[in-house]
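Examining the three-dimensional arrangement
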Amino acid sequence: MSRPRLEALLSLFVSVRPHETSPLLHSSSCFFFILSAYFVVLPLRDEGAISLGLSNLPELFVGSLMLTLVAAPVSTLVFSLPNVSKGKGLVLIHRFFSVSLLVFFLLWYSSSAGCSVSSSKDPLSVSFPLKEDSKVNIHKGIPASSVSCETNGWFYMSVRVGLFLWVALLNLLTISSTWARIIDVMDNESGSRLFGFIGAGATLGQLFGSVFATGMAWLGPYLLVFAALLMELAAQSSKGINQDMSHLEELSPIKKTDPDKQSEADEPTAPAGLVSSPKLSTSVVQPQFGMMLEGLGLILSSTYLLYVSLFLWLSAVVSSFFYFEKVTVIAMNIQSPVGRRRLFAQINSFIAVFILIGQLTLTGRILTCAGVAIAICSAPVVAFLNLVALTFWPTLVVVAVSETIRKVVNYVVTRPGRELLFTVVSQDEKYKAKVCIDVIVQRLGDATAAGMFKFLFGMLNGQTSTVSFFALPVCLLWIVIAIRLGGRQAQLARMQTVSTT
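The sections below set out a description of the structure shown in this document. As the structure is a prediction and not an experimental result, all values here were calculated from the model.

1. Observations concerning the environment of M186
Mapped onto the secondary structure, M186 falls in the loop between helix 5 (154-185) and helix 6 (188-215). A relative accessible area of 5% means that M186 is categorised as buried. On a C-alpha basis, the gap between M186 and L24 in space is 9.7 Å, while along the polypeptide they are 162 residues apart.

Right, here's the structure in full:
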């Protein structure tokens, strides 16, 4: 297809300028492959976690935090190597996770030797509704009939714990690093127009990965091989996330540079309205693990970034509460491991359809007309209403509906708005502080929710309605922080506009 026809086709869905076509398509396709890989292995990961016993779920979240504290500085280090451009650094990150998934396939296959999974004629048989004030004992494992192993030794358990932690790390690092690259080549104005389309690529990936996992749930660990292939395709797509300077005559020499080194040429032309820190020159940055500490220092020195961190932390706490509710109900109602994997994938597929429709039709209009403040406030408001519903009706149906509404609002409106929060900060803050916020802060939120959920479940004897009630104050604080943060982002965006005119 010729470029004019391609641009005409894109114009039906998004307001895109000619020089934005290439980075837009490569960004969207990169997220498609990342999310496809993630949702292909997600049901396998969750089923593996359930097989370890529901009481171990909070500890897995704490372990995820520990792994993130060790692994996150490496991501920052890759972007800081003097001989590696930011584009190449992103490729290396995606390719590394592709290879790691192949390693986990070999480990999972080896650890499953001697285990047989029982299958029923109706693997999706679900007994519901639960009683309105349902009680679930999370210290009970899944029914013994679902997995038959002579021994679930340390190797079996270690592989499933490792995959749970690794997939969570893959999701955080690849998505955060890719967004950091995208917002480096787009400003606040172009982001408002294009982030919805980019997010639609991610949602298509979620839909594709979920549908594939639904139909191929019987493949078990072989899903990891297919996910590894998808991550390699993400690495190839990320090579094209560069600024197209062809529309600027005075920058014509830049067009002759190696595409993989384009980011080095991009830096002199980054938006001038970045208000906090001097711009980062990758050619003079010395590789060091202290980059994560430097990112933490940037956060502590900026009130704006502190609000962003608090917003994301509260978001992670609430999301983890919903996750524990969902997994607990599914684990206690579906006995077949294949059935649980298939149901997880079906729920993800159902959610993805609504998210895709919303991103293609609503995201750009909402961000352009309503602004960032309303976008980031929508998720905590919806989460508050969902928690109220779960407090009174803690059933499987309500959990499924709440999960759908919450994720649709988050990915259609709040997530693109959240990324716009970083279009008004410096390049240092994008590549150092943003990785720290997206990765470390989110894992802190997950670990906090894990501790709270386990404590409340034990203290309240597994009354899911009461546990949901205790999460309501967290949502109220989340709403307040979102309002203040949205106002500050609008103020910085105006300052950026004035400085560039």
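2. So, the packing of helix 4 (residues 86-111) against helix 7 (residues 223-238)
Interaxial distance between helix 4 and helix 7 falls to 8 Å at its minimum, and their mutual angle equals 175°. What the angle tells us is that helix 4 and helix 7 run roughly antiparallel. Contact with helix 4, carried on its side by L90, V91, H94, R95, F97, S98, L101, L102, F104, F105 and W108, involves L224, V225, A227, A228, M231, E232, A234, A235, Q236 and S238 of helix 7 and no other residues of that element. Partitioned by chemical class, the residues of the contact of helix 4 with helix 7 number 15 nonpolar, four polar and two charged.

3. Overview of the packing of helix 11 (residues 337-369) against helix 13 (residues 396-420)
Two elements in contact, helix 11 and helix 13, have axes separated by 9 Å at closest approach and are oriented at 40°. As the angle between them shows, helix 11 and helix 13 are arranged oblique. Here the hand of the crossing between helix 11 and helix 13 comes out right-handed. Touching N348, F350, I351, F354, I355, G358, Q359, L362, T363, I366 and L367 of helix 11 are E403, T404, K407, V408, Y411, V412, V413, P416, G417 and L420, all from helix 13.

4. Comments concerning the environment of N386
Residue placement: N386 occurs in helix 12 (residues 372-392). Taking C-alpha positions, N386 is 8.4 Å from E403, a pair spaced 17 residues apart along the chain. Contact partners of N386, with chain neighbours within four places excluded, come to F322, S402, I405 and R406. Only 3.2 Å separates the side chain of N386 from the backbone oxygen of S402, close enough to count as a polar contact.

What counts and what doesn't
Residues numbered from 1 in each chain as written. Predicted model: local features only at pLDDT ≥ 70, side-chain atom pairs only at ≥ 80, totals over all residues. Heavy atoms only, no water. Helix = DSSP H or I, 4+ residues; strand = E, 2+ residues; numbered from the N terminus. Buried < 20%, exposed > 50% of the residue type's maximum accessible area, 1.4 Å probe, protein only. Axes fitted to C-alpha atoms, helices over the stretch in contact; angles between N-to-C directions. Parallel < 35°, antiparallel > 145°, perpendicular 65-115°, else oblique. Contact = heavy atoms within 4.5 Å. Nonpolar A, V, L, I, M, F, W, Y, C, P; charged D, E, K, R; others polar. Left-handed = near helix turned anticlockwise from the far one by under 90°. Polar contact = N/O pair within 3.5 Å; in protein donor to acceptor, adjacent residues only side chain to side chain.

Interpretation in functional terms is not warranted from these geometric data alone.
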